[in-house]
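Survey of secondary and tertiary structure
This is what each chain is made of:
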Amino acid sequence: QRMVWVSCPGRGKRNSQIFDEKTHNRKLILIKRFPGYQKLFIGFLAIYLIRLLIVFTMGIMPQDAYYYLYSEHLDFSYFDHPPMVAYMLRLFSLVLGKSVVAIKLADFTVTLLSLFAFYKLAHYFLSEKQAVRATLFYGATLLVTVLSINTTPDVPLMLFWTLTLIFSYKALFEGELKYWIAAGFLMGLSFISKYTGLFLLFGFFAFLLFSKSHRKYLLSKQSLLLLGFFTIGIFPVVYWNYSNDWTSFAFQTADRAGSIEEFKLHPELFLGNLATQLMLLIPFLFVGMVVIVFKMVRRVVRKRVWPKEKQLFLMVFSLPIILFFFGVSLVYWVKLNWIMPGYISAIILVTAFLSQKLLRGQIITSLILHVLLAVQIVFYPVSVKSDDTWFGWEEFSEEVEQRMSQHPNSFLFADDNYKTSAVLDFYLDRKIYAGNVVGRNGKQFSILDPDLSHLEGSDAIFIDTDKRFKHLEKSEEIPEKLLPYFDRMVELDPILVGKEGQEPLRKFLVYK
C-alpha cells in the first residue's frame, strides 16, 4: 500500500506521523479529491437523516400492509404483481419481526443498496468526481425518498435494474461469458420484481442492433445463454400465471388496456404526469436532463452523428421506458413510479453536462422539501383526503376490533380496492375479507379466498371509507353494492379518527 507522510502539530514542535492513505482523515480526502463539495455532502447527509427519521416515525401505508400480506402467503407470484417484494419483506420480518418499522427499514435498506449500486454503475461512464456528482443528484431526489419509505415492487426493481445494468455493461464491454449469464439472470430477477423489467431485455437487444461492433452478438451463444438464464429467472412468475389462468399477466395488460374506454387524448393527464416527474426528480435535475437529452437526440437526427457506444448504452436503457410512459400519459393516468427505472441511466448520461451550481440548487431544494415532508409526516398539519395516507390506521384498527367484539358472529370485510382490508389484516388477529364478498375485484384477497360459499347465511360488518366527509354523523345511505348479497342492512355509528382534543381527521362508515 502507498503510505503518505503528513505533518501534524505537536507540543511546541512539528511531529511527522505516518497514515495509511486509504484510512486517513476523511476531511483531508474531501478537501483533496472534491474541493467545494463539503457543504454538499453535509446537506446530502442531512437529507438521509431526515429519511431515517421518517422511517422510525411514519405510520403504515396501505401499500405496506398489502405487500406484507403477500409476504405472509409466499408464492411464485400474486394477482397484480410478481413476488420479489414479498420475498424482500419476508426476509426482513424474519430478522426484525412484524412491525411497521421493519417494513420501512426493508424499503430504506434496499433503496440504499440501490444507491450504492448506482454509484458503482456511474464509474463505468464518468470520472470519480462526476460519479459522486451523479450519485448526489440521484440520491437527493424525492424519487429515492418515495422508495425509501413506502413499500412497492419498485423497491427491489430499482436494485435489480441497476445490478442488471452493471453486468450488462461488463458483458458488452468486457466480453466474459459469465457476465452474459449474470446479466440474463438479473434481468429475470428484475422482471419478477415488476413487469417493467422487460424493458431491460428490449434495451439490451436494441443496443446489439444499433451498435456496429456488437451487432455480431445478436445471434450468438452469448445471447442464447442470456435468454436462457432470463427464462430461468422468470420461471416462477410464468409457472404461477400458467397455473392461475394467466391472471396476473391479464390484469397488467388486457385489463389495464380495457380500462381506457376510448382512445382519446387527455392533455391534462400528460401535464399531471409531467408535474409529478418534475417534483420527483426536483426541477434542477429534471429540467437539466430534458434539455441535455433533447440536444443529444436532435444532434443524432439533424447531423446524423451516432452517439458513442457508452452513450448509446445509457440511451437504450432510459429513453424507451421514459418515452413510452410519457406517450401513454396522453391517454391514461401514469402512476408516478412507472418511469422511475429509466432515470437511472438517464442521470448518468447527462451528469457530465450538469454543473456543481445546479447540484447545489438540487440539494438545497431537496433539503427544504424533506424538512416540509418530515413536518407533514410527524405532525400531520395538512389532512390527506385519501386512503393513501399513513395517519390513523392503528387507532382505526383498534376501534374496529372493539366493534367486532360486539358482533362476535359476524365476519369483517371492506371494499376499497385492497387498502382497508390489507391494513386490518396487518393489525388484527382475525380473518379479513375484501370486495370479492360482493362480487368486486378483491385482487390478492380473491386469490387467497376464491371460494366464499362458507360465508353464506352469515352476518357481516362492512367498513367503508368516507374520504371527504362533510359531517360526523351517519351517512343515512346504504351502499347499492350490498343490496344483492344481504337481506337486511343497518348503518352503525361511524368510526372517527383524529388527534386528541381536535376535530376528527378521518371517517369510516360502518354497516351491519
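In what follows, the accompanying structure is described. Being a predicted model, the structure only gives us computed values, none of them experimental.

For Asn241, the position within the fold is in helix H11 (residues 221-243). A distance of 2.9 Å separates the side chain of Asn241 from the backbone nitrogen of Phe249, its partner in a polar contact. Residues within four places of Asn241 in sequence aside, it is in contact with Ser77, Tyr195, Trp246, Thr247, Ser248 and Phe249.

Turning to the nonpolar core, a few remarks are in order. Core analysis: the largest hydrophobic core is formed by 149 residues, its most contacted members being Leu143 and Tyr343. Apart from residues lying up to four places away in sequence, Leu143 is in contact with Tyr138, Met158, Leu280, Leu281, Met340 and Tyr343. Of all hydrophobic cores here, the second largest spans 14 residues; its members include Leu452, Ala460, Leu482 and Phe486.

Under the criterion given, the structure shown has one cavity of 30 Å³ or more. When its volume is computed, the largest cavity comes out at roughly 70 Å³. Val384, Lys385, Ser386, Asp387, Thr465, Asp466, Lys467, Phe469, Leu505, Arg506, Lys507 and Phe508 together form the lining of the largest cavity. Elements with a minimum of two residues in the lining of the largest cavity: strand S5 (459-466) and strand S7 (506-511). Looking at which element gives the most residues to the lining of the largest cavity, the answer is S7, with three residues.

What the rule picks out here adds up to 50 aromatic pairs. Each ring, one from Phe207 and one from Phe313, has its centre 6.0 Å from the other, and the planes form 75°; the classification is edge-to-face. A residue pair is termed long-range when its members are at least 10 positions apart, and Phe207 in helix H10 (residues 198-210) and Phe313 in helix H15 (residues 309-316) qualify at 106 residues. Exposure remark for Phe207: the relative accessible area of 0% places this residue in the buried category. The ring of Phe426 has Lys98 sitting right over it, with the charged end atom 5.1 Å from the ring centre.

A word on unusual backbone geometry. For Trp246, which is not glycine, the phi dihedral falls at a positive 55°. Tracing the backbone shows Trp246 in the loop between H11 and helix H12 (247-258). Note on Trp246: relative accessible area 39%, which makes it partly exposed. One non-glycine residue, Asn417, lies in positive phi territory at about 80°. Relative to the assigned elements, Asn417 resides in the loop between strand S3 (410-414) and helix H20 (419-427). Judged by its relative accessible area of 37%, Asn417 is partly exposed.

The next subject is helix H2 (residues 38-57). Its 20 residues give H2 an end-to-end C-alpha distance of 29 Å, which sits within 8% of 28 Å, the value for a rise of 1.5 Å per residue. All buried positions along H2 are accounted for by Leu40, Phe41, Gly43, Phe44, Ile47, Tyr48, Ile50, Arg51, Ile54 and Val55.

Attention now moves to the sheet that holds S5. Here we have five strands laid out as an open sheet, ordered S4-S3-S5-S7-S6, and mixed in their pairing. The open sheet has two edge strands with one neighbour each: strand S4 (432-433) and strand S6 (491-497). Where helix H19 (residues 393-405) meets the sheet, it contacts S3, S5, S6 and S7, and its direction lies at approximately 150° from that of S6.

Reading the values: rules and limits
- Residues numbered from 1 in each chain as written.
- Predicted model: local features only at pLDDT ≥ 70, side-chain atom pairs only at ≥ 80, totals over all residues.
- Heavy atoms only, no water.
- Helix = DSSP H or I, 4+ residues; strand = E, 2+ residues; numbered from the N terminus.
- Polar contact = N/O pair within 3.5 Å; in protein donor to acceptor, adjacent residues only side chain to side chain.
- Contact = heavy atoms within 4.5 Å.
- Core = buried A, V, L, I, M, F, W, Y, C linked by side-chain atoms within 4.5 Å.
- Buried < 20%, exposed > 50% of the residue type's maximum accessible area, 1.4 Å probe, protein only.
- 1 Å grid on protein atoms, 1.4 Å probe; cavity = no way out; pocket = protein on both sides within 12 Å on 5 of 7 lines; lining within 4 Å.
- Points joined across faces, edges and corners; volume = space filled by probe spheres on them.
- Phe/Tyr/Trp six-rings, centres within 6.5 Å; stacked < 30°, edge-to-face > 60°.
- Lys NZ or Arg CZ within 6 Å of the ring centre and 35° of its normal.
- Expected span 1.5 Å × (residues − 1).
- Pairing = 2+ DSSP bridges.
- Axes fitted to C-alpha atoms, helices over the stretch in contact; angles between N-to-C directions.

Just distances and angles here, no functional claims.
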